[in-house]
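Survey of secondary and tertiary structure
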Amino acid sequence: MLNKTTISCILLSFWSLSSYAEDIPITGSVESKCIVTQDTAGVYGNPSPESLTTASASGGVHPVVRYDVIQADYYMAKITHPTSFSESPVLNDVVDFTGSTSVDQVSDASMSAYDTNKVEYDNVTEIDLSVAGSTWFKVESTADYGYDKAFPGGQYQAVVTAECIAI
Amino acid sequence: MKYVMLLLIILYSGRATAHEFTPTYPKLEQSYMEGVLKVSMRLFNKRNDIRYYQVGVYDDDWNKVPFVVMGGKIINVEYLETKNFDVYIQSKSRKKVRYICTMSKTLQDGKTKTLLKSRICSKVK
């Protein structure tokens, strides 16, 4: 006659000897979204006393921003190049800002049409992201101080705004 | 030369930092409070230079619409952190609400350069 303790021991030993295979699921979903990535931080070069520019020929680095969209025609990119410094020494003359935004690299050849289809006004460039994938936009920015006046020594910062707006 | 270019590309790709805000088309739902609707949003911060994002709600003409986010309109999201949050809007504003956005808040760091402010807007249809 087996008592309860013996039965429990037998069951436990069976359980410990048996091995189990567990399936561990990895779940994920692909949904419409826009990702804005700072690919390259911009740097102002100072080729002449009165000028600051991101042009590489003048010692600067153009900021590059990447847009990733999962589905076409869901988002619009809106890139604003600077019209003022967010940080600078005291400036007592006018600073003339110029700039532009253009396609730098694409993950799909048809995205090169963005440059011809873009809408520009003031310091803003709008692009309908009509192709799924990644697009790199290069922003150029130049600041000229007064009438051939030398920028005072110090640190200068300006802000590029990259927006991705659902349409 | 090509190895130098390859190294530069790898270094640059490693520095990429991103801002992600979903869903694209959120839906207004009834909250636990009468007369208040809520929208559930998700923000992923892959920008290692950004710790704070500001939430904004706008109508069709980009006028501000009153809203509340628990903990404040500026939310702290650490690098590689995902934050789920609810935006509470009065029921009477239901027809006005069109865009829900998050914008990165940049810090000055005293270097001669350009900063990138990123803003992503979802649309309430």
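Right above here is the structure, for reference.
Residues numbered from 1 in each chain as written. Chains lettered and ligands numbered in written order. Predicted model: local features only at pLDDT ≥ 70, side-chain atom pairs only at ≥ 80, totals over all residues.

Attention now goes to the interface of chain B and chain A. In this complex, chain B contributes 27 residues to the contact, which on the side of chain A involves 35 residues. Broken down by secondary-structure element, the contributors of at least two residues to the side of chain B that touches chain A are β1 (17-22) and β9 (113-123) of chain B. With 11 residues, the single largest contributor to the side of chain B that touches chain A is β9(B). Residue classes in the side of chain B that touches chain A are distributed as nine nonpolar, 11 polar and seven charged. Bridging between strand β11 (residues 157-166) of chain A and β9(B) involves nine bridges; their strand directions are parallel. Within β9(B), the residue paired with Val159(A) across the bridge is Leu115(B). (Contact = placed C-beta atoms within 7 Å. Helix = DSSP H or I, 4+ residues; strand = E, 2+ residues; numbered from the N terminus. Nonpolar A, V, L, I, M, F, W, Y, C, P; charged D, E, K, R; others polar. Pairing = 2+ DSSP bridges.)

Once that is clear, we can look at the environment of Ala55(A). Mapped onto the elements, Ala55(A) comes out in the loop between β3 (51-53) and β4 (64-69). The residues touching Ala55(A), leaving out its near neighbours within four places in the chain, are Gly45(A), Gly60(A) and Glu140(A).

Our next topic: the nonpolar core. A general tendency of soluble globular proteins is for nonpolar side chains to be buried together. Ranked by size, the top nonpolar core spans 39 residues in total, and within it Cys34(A), Val36(A), Val65(A) and Val87(B) carry the most contacts. Apart from the residues lying within four places of it in its own chain, the contact partners of Val36(A) are Val65(A), Tyr67(A), Ala162(A), Cys164(A), Ala18(B), His19(B), Ser118(B) and Ile120(B). The next biggest cluster of nonpolar side chains, apart from the first, holds six residues, and it includes Leu52(A), Ala143(A), Phe151(A) and Tyr156(A). (Core = buried A, V, L, I, M, F, W, Y, C linked by C-beta atoms within 7 Å. Buried ≥ 20, exposed ≤ 12 C-beta atoms within 10 Å, placed from the backbone.)

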